[in-house]
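# Close look at the chain arrangement
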Amino acid sequence: MTVTARLFGLLAILASGVTLTAQGRAPMPSPGDPIPSVSGFSEDGSEFPLEHLKGHFTVIAFGCLT
Amino acid sequence: MRNVPSLETVYRDYSSKGVRFYYVYKALAHPEMNGFVQPFSIEERLAHIKEAKRRLGTEIPWIADSMGNDIKHAFGDRNNSEFLFDPEGKLISARDWSDPEALRWDLEERVGKVDVITRVQDLDLPSGFSQRRAAASSVVPRLETPAGLVATKVTPGKEATHPHYAKLRAELDRSLLSGGKGQLKLGFHLDPIYGVHWNNLVDPIQWEIRTPDGVLVSPGQGVGPKVAAESDVDPREFLVEVDRCESNGPLELIVRYYGCNDEEGWCMPVTQSYTIDFVVDRDAGRPQGARGARGGFGRRGGSGNRAGFGSGGTRGPRALGGPSGGRRRN
């Protein structure tokens, strides 16, 4: 394989990663990262900032009905 | 949905040790499954949580993601991911697919082992769930969806005096994203949380599209099928050809239909509007069985049968970080 072909291969891999990001899939947080400064809603409808979870070991699992 | 019971066992064992657990209810990974469609409001998302609790029998509290899907985006857009934070709010471990067994190892290491491990069979979880349907289903044939359509951003009009009993889901050819020609699929789905059905004894659903200058849509209006059954809950789907002619403007859609709720004893005409933007909706999910579409993040590895909540029970640990991620118990 020529250097040029390898370079094109590398560029293709990089391009695919860019495409994936462009499709909207954000990277997952990494160990050591702080809990994101975003909010949801508790079951009673009140705002629920995730930063309120500090102070305890906390497990967060994602899901939905379908 | 096999991971949920296992996660509930970890919750039963570690919540008493001060560990907090939350499910985050996110946008649907597979809209249209069991009739469910993406909610339009936080109230509707909270109604989904009630239904999820009824079906799953969970005790872990829920957090509803915002309608901007901020939590989903901040955590990487995975469908069934799982995260453990320490008391300082630093991430200890992240898994792109929930793995309650590996989570238990993480907690054993940091919080300590429990004397007696709760088993799934110790829990009083429902063994199945009843599907509530307001009327007959599978009486109207589904539209054969062309390959390669992507979900596009749909915004319900604010003029609505009633909930959107029927919700529009729109998908289009990628060629339309850059101003070209292509197909647009319109799907009107009755939202099961309202218990409403179509009234087939009156005029069927009607819609029309109002276009910006220069944009061509054919047909520009449509009428649903005549259905022999007096009522049903099947989607009403249509395919139209669009030529954007380089226009950047969105489409405006008006829909009229009759909805009935037998439990509440009403039947009435509803008129609602939508704006359809030529923008991919990254949070729209992907119906199972859809061909070639890439509008959401529902499918992993070609498996078409995973429900939205941790149903990948045969997957191995996939921790992306943390010292105990991916370990096997000896």
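Quick caveat: nothing in here was measured; it's all calculated off a predicted structure.

A count of helices and strands for chain A gives one helix and three strands. Counting helices and strands in the order they occur from the N terminus, chain A gives α-β-β-β. Per-residue burial for chain A yields a buried fraction of 33% across its 66 residues. Accessible area for chain A stands at about 3,800 Å²; split by element, carbon and sulfur atoms hold 66% of it.

Listed by partner, the interface residues are 71 residues for chain B and 37 residues for chain A. Buried area between chain B and chain A, both sides added, is near 4,800 Å², and the carbon and sulfur share of it is 64%. On inspection of chain B and its partner chain A, the count reaches one salt bridge. For the salt bridge of Glu43 of chain A with Lys53 of chain B, the shortest nitrogen-to-oxygen distance reads 2.6 Å. Linking chain B with chain A are 22 residue pairs in polar contact (both at pLDDT 80 or more), by the criterion used here. For the side of chain B that touches chain A, the elements supplying multiple residues, two or more each, are strand E1 (20-25), helix H2 (42-56), strand E2 (62-64), helix H3 (70-74), strand E3 (82-85), strand E4 (91-95) and helix H4 (100-110) of chain B. Among the elements that take part in the side of chain B that touches chain A, H2 of chain B stands out by supplying eight residues, more than any other.

Time to look at the sheet that holds E3 of chain B. Spatial strand order, E2(A)-E1(A)-E2(B)-E1(B)-E3(A)-E3(B)-E4(B): seven strands in an open sheet with mixed pairing. On the outer flanks of this sheet lie strand E2 (47-49) of chain A together with E4 of chain B, each paired with one strand and no other. For this sheet, the mean inter-axis angle between neighbouring strands, taken without regard to orientation, is 30°. Pairing between E3 of chain B and E4 of chain B: four bridges, direction antiparallel. Note that in E4 of chain B the partner of Leu84 of chain B across the bridge is Ser93 of chain B.

This part takes up the nonpolar core. All names here are of chain B. With 34 residues, the main nonpolar core has Leu184, Leu186, Phe188, Trp207 and Leu253 as its most contacted residues. Elements with a minimum of two residues in this core: strand E5 (150-156), strand E6 (166-172), strand E7 (181-190), strand E9 (206-210), strand E13 (236-243), strand E14 (251-261) and strand E15 (266-280). Ranked by residue count, the leading element in this core is E15, at six residues. In contact with Leu253, other than residues within four places in its own chain, are Leu168, Leu186, Phe188, Trp207, Glu208, Ile209, Gln272, Ser273, Tyr274 and Ile276. Listed in part, the 30 residues of the second largest apolar core include Val4, Leu7, Tyr11 and Ala52.

It is worth spelling out the state of the cysteines at this point. Residues and elements named next belong to chain B. Tallied over the full model, the rule gives one disulfide over all chains. Residue Cys260 pairs covalently with Cys267 via a disulfide, S to S 1.9 Å. Residue Cys267 is classed as partly exposed on the basis of its relative accessible area of 42%.

Attention shifts here to empty space enclosed by the protein. Residue and element names in this part refer to chain B. Counted by the stated rule, this structure contains five cavities of 30 Å³ or more. If you add up the space inside the largest cavity, you get close to 60 Å³. Around the largest cavity, the lining residues are Trp198, Asn199, Asn200, Asp203, Pro204, Ile205, Pro225, Arg236, Tyr257 and Tyr258. Taken together, the residues that form the lining of the largest cavity break down as six nonpolar, two polar and two charged.

Here we come to the confidence of the model for chain A. Residues of chain A with pLDDT of at least 70 account for 64%, and the chain-wide mean is 75. The low-confidence segment residues 1-23 of chain A (pLDDT under 50) makes six contacts with residues lying over four places distant or belonging to another chain.

All right, on to the packing of helix H1 (residues 3-14) of chain B against H4 of chain B then. Residues and elements named next belong to chain B. In the contact formed by H1 and H4, the axes pass within 9 Å of each other and the chain directions differ by 15°. It follows that H1 is roughly parallel to H4 by the angle criterion. H4 is crossed by H1, and the crossing has right-handed handedness. On the side of H1, the interface is formed by Asn3, Ser6, Leu7, Thr9, Val10, Asp13 and Tyr14, while H4 contributes Pro100, Leu103, Arg104, Leu107 and Glu108.

This part is about the layout of surface pockets. It is a probe the size of a water molecule, rolled over the atoms, that shows where empty space is left. Residue and element names in this part refer to chain B. The computed volume of the second largest pocket comes to approximately 580 Å³. If you trace the second largest pocket, you find 27 residues lining it, with Gln38, Pro39, Phe40, Val154 and Asp281 closest to the centre. Those elements that provide at least two residues to the lining of the second largest pocket are E5 and E6. In terms of residue count, the dominant contributor to the lining of the second largest pocket is E5 (six residues). Within the lining of the second largest pocket, the residues separate by chemical class into 13 nonpolar, seven polar and seven charged. Residue contributions to the lining of the second largest pocket reach at least three from each of two domains, namely domain 1 (3-122) and domain 2 (150-280).

Summarising the element assignment, Phe36 of chain B is placed in the loop between E1 and H2. On the basis of relative accessible area, Phe36 of chain B is assigned to the buried category, the value being 3%. In this structure the C-alpha to C-alpha distance between Phe36 of chain B and Leu190 of chain B, which are 154 residues apart in sequence, comes to 8.2 Å. Excluding anything up to four places from it in sequence, Phe36 of chain B contacts Leu65 and Thr66 of chain A together with Leu28, Pro31, His48, Glu51, Arg55, Pro192 and Ile193 of chain B.

Moving on, we get to the packing of aromatic side chains. Here the distance between the centres and the angle between the planes together describe a pair of aromatic rings. Using the criterion set out here, one finds 14 aromatic pairs over all chains in the structure. For the ring pair Phe75 of chain B and Phe83 of chain B, a centre distance of 4.7 Å and an interplane angle of 65° mean the geometry is edge-to-face. With centroids separated by 5.6 Å and ring planes inclined at 85°, the aromatic side chains of Trp198 of chain B and Tyr257 of chain B adopt a geometry described as edge-to-face. Pair noted here: Trp198 of chain B is in strand E8 (residues 197-199) and Tyr257 of chain B is in strand E14, with a separation of 59 residues, a long-range link. These aromatic residues form a ring-pair network of at least three members: Phe62 of chain A together with Phe75, Phe83 and Phe85 of chain B. The side chain of Lys167 of chain B reaches across the aromatic face of Phe40 of chain B, ending 5.1 Å from its centre.

Calculation notes
Residues numbered from 1 in each chain as written. Chains lettered and ligands numbered in written order. Predicted model: local features only at pLDDT ≥ 70, side-chain atom pairs only at ≥ 80, totals over all residues. Heavy atoms only, no water. Helix = DSSP H or I, 4+ residues; strand = E, 2+ residues; numbered from the N terminus. Buried < 20%, exposed > 50% of the residue type's maximum accessible area, 1.4 Å probe, protein only. Areas by Shrake-Rupley, 256 points an atom, 1.4 Å probe, with all protein chains shown as cover. Contact = heavy atoms within 4.5 Å. Buried area = accessible area lost by both parts, 1.4 Å probe. Salt bridge = Lys/Arg side-chain N within 4 Å of Asp/Glu carboxyl O. Polar contact = N/O pair within 3.5 Å; in protein donor to acceptor, adjacent residues only side chain to side chain. Pairing = 2+ DSSP bridges. Axes fitted to C-alpha atoms, helices over the stretch in contact; angles between N-to-C directions. Core = buried A, V, L, I, M, F, W, Y, C linked by side-chain atoms within 4.5 Å. Disulfide = S-S within 2.5 Å. 1 Å grid on protein atoms, 1.4 Å probe; cavity = no way out; pocket = protein on both sides within 12 Å on 5 of 7 lines; lining within 4 Å. Points joined across faces, edges and corners; volume = space filled by probe spheres on them. Nonpolar A, V, L, I, M, F, W, Y, C, P; charged D, E, K, R; others polar. pLDDT = per-residue confidence, 0-100. Parallel < 35°, antiparallel > 145°, perpendicular 65-115°, else oblique. Left-handed = near helix turned anticlockwise from the far one by under 90°. Domains from an automatic or database assignment. Phe/Tyr/Trp six-rings, centres within 6.5 Å; stacked < 30°, edge-to-face > 60°. Lys NZ or Arg CZ within 6 Å of the ring centre and 35° of its normal.

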